[in-house]
Amino acid sequence: MNKFSNQEEVANQLPLLDALRNKQVLKREIIAGITGFFAISYIIIVNPLILKDAGIPTNLSVFATIIASAIGCFIMGFWANAPVILTPGMGVNAFFTYTVVVGMGFTWQEAIAISMVASVIYALVAFTKLATILADGIPETLKAGITAGIGLFLVEIGLEKAQLIKKGTSSLLAVGNLAQPATLLALFGLLLTLVLFLRNVTGGFFIGILVTSILGVVFNIKDQSAPTVTLSDFGQYRKILFAGDFSHIASIPVILAIFSLTMILVFESMGLLEGILPNPQKFRKAFQASSVTSFLSGILGTSPTVAAAESASGIESGGRTGLMAIVAGIMFTLSLFFIPLLAYVPQAAIAPVIIITGALMMAALSRINLNDFAEWFPAFLIVVLIPFTTSISTGLAFGFVTYPLLQIATGKAKQISIPTYVLGSLFLADLVLSALL
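**Some points on the overall build of the protein**
At step 1: Looking only at helices and strands, the protein has 19 helices and four strands in total.
At step 2: Over its C-alpha atoms the protein spans a radius of gyration of 21 Å, differing by no more than 12% from the 22 Å that the globule rule assigns to 437 residues.
At step 3: Summarising its shape, the C-alpha atoms of the protein cover approximately 60 × 55 × 55 Å along the three principal directions.
At step 4: Expressed as a percentage of its 437 residues, the buried residues of the protein come to 58%.
At step 5: A fraction of 80% describes how many contacts in the protein between residues 6 or more apart in sequence connect residues 24 or more apart.
At step 6: Total accessible area on the protein is roughly 18,100 Å²; 68% of this is exposed by carbon and sulfur atoms.
At step 7: Charged side chains of the protein number 22 positive and 20 negative; the gap between the two group centres comes to 6 Å.

**Section: the nonpolar core**
At step 1: In terms of nonpolar packing, the biggest core is built from 113 residues, with Met 76, Val 84, Phe 267, Phe 287 and Phe 332 touching the most fellow members.
At step 2: Broken down by element, the residue count for this core peaks at 13 residues, all from helix H12 (residues 252-276).
At step 3: Setting aside residues no more than four positions away along its own chain, Phe 287 makes contact with Tyr 122, Val 125, Ala 126, Ala 131, Val 266, Ser 269, Met 270 and Leu 273.
At step 4: Counting residues in each nonpolar core, the second largest holds eight residues, with Ala 182, Leu 185, Ile 221 and Ala 351 among its members.

**Quick notes on unusual backbone geometry**
The phi torsion of most residues other than glycine is negative, and most of the peptide bonds are trans.
At step 1: Residues other than glycine seldom take positive phi values, yet Gln 163 does so here, at roughly 60°.
At step 2: Inspection of the secondary structure puts Gln 163 in the loop between helix H9 (140-161) and strand E2 (165-167).
At step 3: Positive phi values are uncommon outside glycine, yet Phe 242 reaches one of about 50°.
At step 4: Mapped onto the fold, Phe 242 is located in the loop between helix H11 (204-218) and H12.

**Things to note about the packing of helix H5 (residues 58-80) against helix H13 (residues 283-300)**
At step 1: Closest axis-to-axis distance for the H5/H13 pair is 9 Å, and the angle between their directions is 155°. It follows from the interaxial angle that H5 and H13 lie roughly antiparallel. Crossing hand, H5 versus H13: right-handed. Along its contact with H5, which presents Ala 64, Ile 67, Ala 68, Ile 71, Gly 72, Ile 75, Met 76, Trp 79 and Ala 80, the element H13 presents Lys 285, Ala 286, Gln 288, Ala 289, Ser 290, Val 292, Thr 293, Leu 296, Ser 297 and Leu 300.
At step 2: When its residues are assigned to classes, the contact of H5 with H13 shows 13 nonpolar, five polar and one charged.

**Observations regarding the pattern of salt bridges**
At step 1: For the structure on display, the rule yields three salt bridges.
At step 2: Among the ionic pairs, Glu 140 bridges to Lys 143, the shortest N-O distance being 3.5 Å. Of this pair, Glu 140 and Lys 143 both sit in helix H9, three residues apart, roughly one helical turn.
At step 3: Its relative accessible area of 54% is what places Glu 140 among the exposed residues.
At step 4: The residue Lys 143 makes a salt bridge to Glu 274 at a minimum N-O spacing of 3.8 Å. Here the residue Lys 143 occupies a position in helix H9, and Glu 274 occupies one in helix H12, the gap between them amounting to 131 residues.

**A look at a nonpolar patch on the surface**
At step 1: A contiguous nonpolar patch, built from Val 217, Leu 231, Ile 330, Leu 334, Phe 337, Phe 338, Leu 341 and Tyr 344 and spanning about 760 Å² of accessible area, is present on the exposed surface.
At step 2: Within the element layout of this structure, Ile 330 appears in helix H15 (residues 322-335).

**Focus on H11**
At step 1: Across its 15 residues, H11 extends 21 Å between first and last C-alpha, which sits within 8% of the 21 Å expected from 1.5 Å per residue.
At step 2: All buried positions along H11 are accounted for by Gly 204, Phe 205, Gly 208, Ile 209, Thr 212, Ser 213 and Gly 216. The buried residues of H11 occupy an angular sector of 165° when projected down its axis, which confines them to one face.
At step 3: For H11, the elements touching its buried residues are helix H3 (23-40), helix H10 (181-198), helix H14 (311-316) and helix H16 (347-361).
At step 4: Directly beyond the C-terminal end of H11, a positive phi value near 55° is found at Asn 220.

**Details of the environment of Met 263**
At step 1: Relative to the helices and strands, Met 263 resides in helix H12.
At step 2: Between the C-alpha atom of Met 263 and that of Ile 355, which follows or precedes it by 92 residues, the distance is 28 Å.
At step 3: Not counting chain neighbours up to four residues away, the residues in contact with Met 263 comprise Glu 268, Leu 426, Phe 427 and Asp 430.

**Here's the deal with empty space enclosed by the protein**
At step 1: One pass over the structure, following the stated rule, counts one cavity of 30 Å³ or more.
At step 2: Put simply, the largest cavity is a space of about 30 Å³.
At step 3: Lining the largest cavity are Glu 110, Ile 114, Asp 245, His 248, Ile 249 and Val 254.
At step 4: Split by residue class, the lining of the largest cavity holds three nonpolar, one polar and two charged.

**Focus: the environment of Ser 434**
At step 1: Structurally, the position occupied by Ser 434 is in helix H19 (residues 418-436).
At step 2: For Ser 434 and Leu 49, which are 385 residues apart along the polypeptide, the C-alpha to C-alpha distance reads 24 Å.

**Observations concerning helix H6 (residues 92-103)**
At step 1: The terminal C-alpha atoms of H6, which comprises twelve residues, lie only 14 Å apart, well short of the 16 Å expected from a rise of 1.5 Å per residue.
At step 2: Of the positions making up H6, those classed as buried are Val 92, Asn 93, Phe 95, Phe 96, Thr 97, Val 100 and Val 101.
At step 3: Close packing links the buried residues of H6 with helix H4 (43-52), helix H7 (108-126), H12 and strand E4 (305-307).
At step 4: One or two positions beyond H6, positive phi appears at Gly 105, with a value near 85°.

**A word on the side chain of Thr 97**
At step 1: Inspection of the secondary structure assignment puts Thr 97 in helix H6.
At step 2: By relative accessible area, Thr 97 is classed as buried at 0%.
At step 3: Apart from the residues lying within four places of it in its own chain, the contact partners of Thr 97 are Ile 50, Leu 51, Asp 53, Ala 54 and Val 102.

Calculation notes
- Residues numbered from 1 in each chain as written.
- Predicted model: local features only at pLDDT ≥ 70, side-chain atom pairs only at ≥ 80, totals over all residues.
- Heavy atoms only, no water.
- Helix = DSSP H or I, 4+ residues; strand = E, 2+ residues; numbered from the N terminus.
- Rg over C-alpha atoms; globule rule 2.2 N^0.38 Å.
- Buried < 20%, exposed > 50% of the residue type's maximum accessible area, 1.4 Å probe, protein only.
- Contact = heavy atoms within 4.5 Å.
- Areas by Shrake-Rupley, 256 points an atom, 1.4 Å probe, with all protein chains shown as cover.
- Lys, Arg positive; Asp, Glu negative; His and termini not counted.
- Charge placed at Lys NZ, Arg CZ, Asp CG, Glu CD.
- Core = buried A, V, L, I, M, F, W, Y, C linked by side-chain atoms within 4.5 Å.
- Axes fitted to C-alpha atoms, helices over the stretch in contact; angles between N-to-C directions.
- Parallel < 35°, antiparallel > 145°, perpendicular 65-115°, else oblique.
- Left-handed = near helix turned anticlockwise from the far one by under 90°.
- Nonpolar A, V, L, I, M, F, W, Y, C, P; charged D, E, K, R; others polar.
- Salt bridge = Lys/Arg side-chain N within 4 Å of Asp/Glu carboxyl O.
- Patch = residues over 30% accessible without salt bridge, like charges linked within 9 Å, V, L, I, M, F, W, Y side chains within 5 Å.
- Expected span 1.5 Å × (residues − 1).
- Arc of directions from axis to C-beta.
- 1 Å grid on protein atoms, 1.4 Å probe; cavity = no way out; pocket = protein on both sides within 12 Å on 5 of 7 lines; lining within 4 Å.
- Points joined across faces, edges and corners; volume = space filled by probe spheres on them.

Here you go:
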């Protein structure tokens with residue numbers, strides 16, 4: 001992350017009401033909130049399309065996605081005063097749909113019940129000393145690896161959105177078609193945003209998104225159409241409210257699914273918050289806000305919400321307080337009335353912000369001691385496996401399992417804290433159970 005100016009350091013510590021009274025801070029937080037919203041706005045369209053495969057109606061899932069995100073941002077802003085956006089998570093929604101529903105054969109209503117129970121356990125961790133114990137038990141090397149791994153994941157997402165990379169035929173990834181209008185638009189947006197960022201232009205990320213989107217409209221460069229949704233559909237939204245089916249909650253398959261989802265929610269959120277929060281003192285309440293919203297998302301009819309990695313885009317734009325999250329929540333609320341307009345913000349306009357943010361997060365690699373292979377190899381696994389598997393929890397699992405094993409192998413077993421051993425054991429159990437599901 002960028003080094004904070006003295007003003008930003010002060011903003012880090014400001015109570016919410018004081019931040020509202022400071023015009024400079026307020027301006028920066030508004031820009032950060034809008035930037036963060038646009039960076040994650042694709043979730044409004046993508047999440048319902050994924051949950052459609054679980055059987056949740058797309059036209060209703062859109063409302064659940066927006067409402068859960070708005071409520072989550074407001075809770076994060078008012079309760080934790082942290083610059084973090086909460087939305088139904090990519091990866092979590094895939095687990096919900098393709099593992100729990102498609103793979104294990106549960107109905108989406110049963111999957112909702114599984115996510116709610118997992119969220120209750122998540123909340124029990126977040127509101128007890130377990131949260132602090134587990135967070136303190138993460139070695140600094142792994143924390144740096146988490147930040148860098150999430151950064152590289154964002155870079156991969158951004159490159160895909162820019163169509164600069166695609167699925168290869170003879171390799172995992174291949175270079176995209178540089179002659180495509182959308183790719184050329186993304187390259188222009190990347191260059192423009194880089195110049196604005198390097199020249200410290202206030203709101204540079206937002207300006208980059210706006211200018212690139214306008215060019216996209218002028219040259220008729222659009223993405224896949226947004227789901228056909230009108231406010232009149234809201235009258236049917238009650239069909240997916242309070243829809244959890246708890247009738248088989250005590251069965252072995254359900255318990256296994258709950259365990260795996262709990263591990264994903266707790267440690268993905270913990271790793272991400274550790275990686276992006278400018279002020280570590282806000283971790284505890286941010287973690288709690290995330291757990292509460294995760295539970296509410298089940299009531300609202302969508303997969304669990306988590307902290308969005310794209311929040312880092314808003315943080316890089318100057319977001320330091322909960323005002324950023326509140327502004328993002330307001331933007332989500334307004335999007336209920338302007339869902340079709342989101343189609344005019346192409347992925348090519350969002351991609352540059354995500355790429356640059358990811359690159360900035362990878363600066364955390366400088367905190368890793370590369371002279372000690374046993375120390376940095378677990379962090380290396382986290383960095384590469386998060387983007388390669390498109391799963392933050394998988395990357396964390398391999399890193400946390402490997403770290404104590406290599407320390408034991410090098411005769412440093414006594415230097416490892418008990419929480420590190422516990423985390424390694426939990427992640428090992430998670431990998432085994434995930435393989436069995």
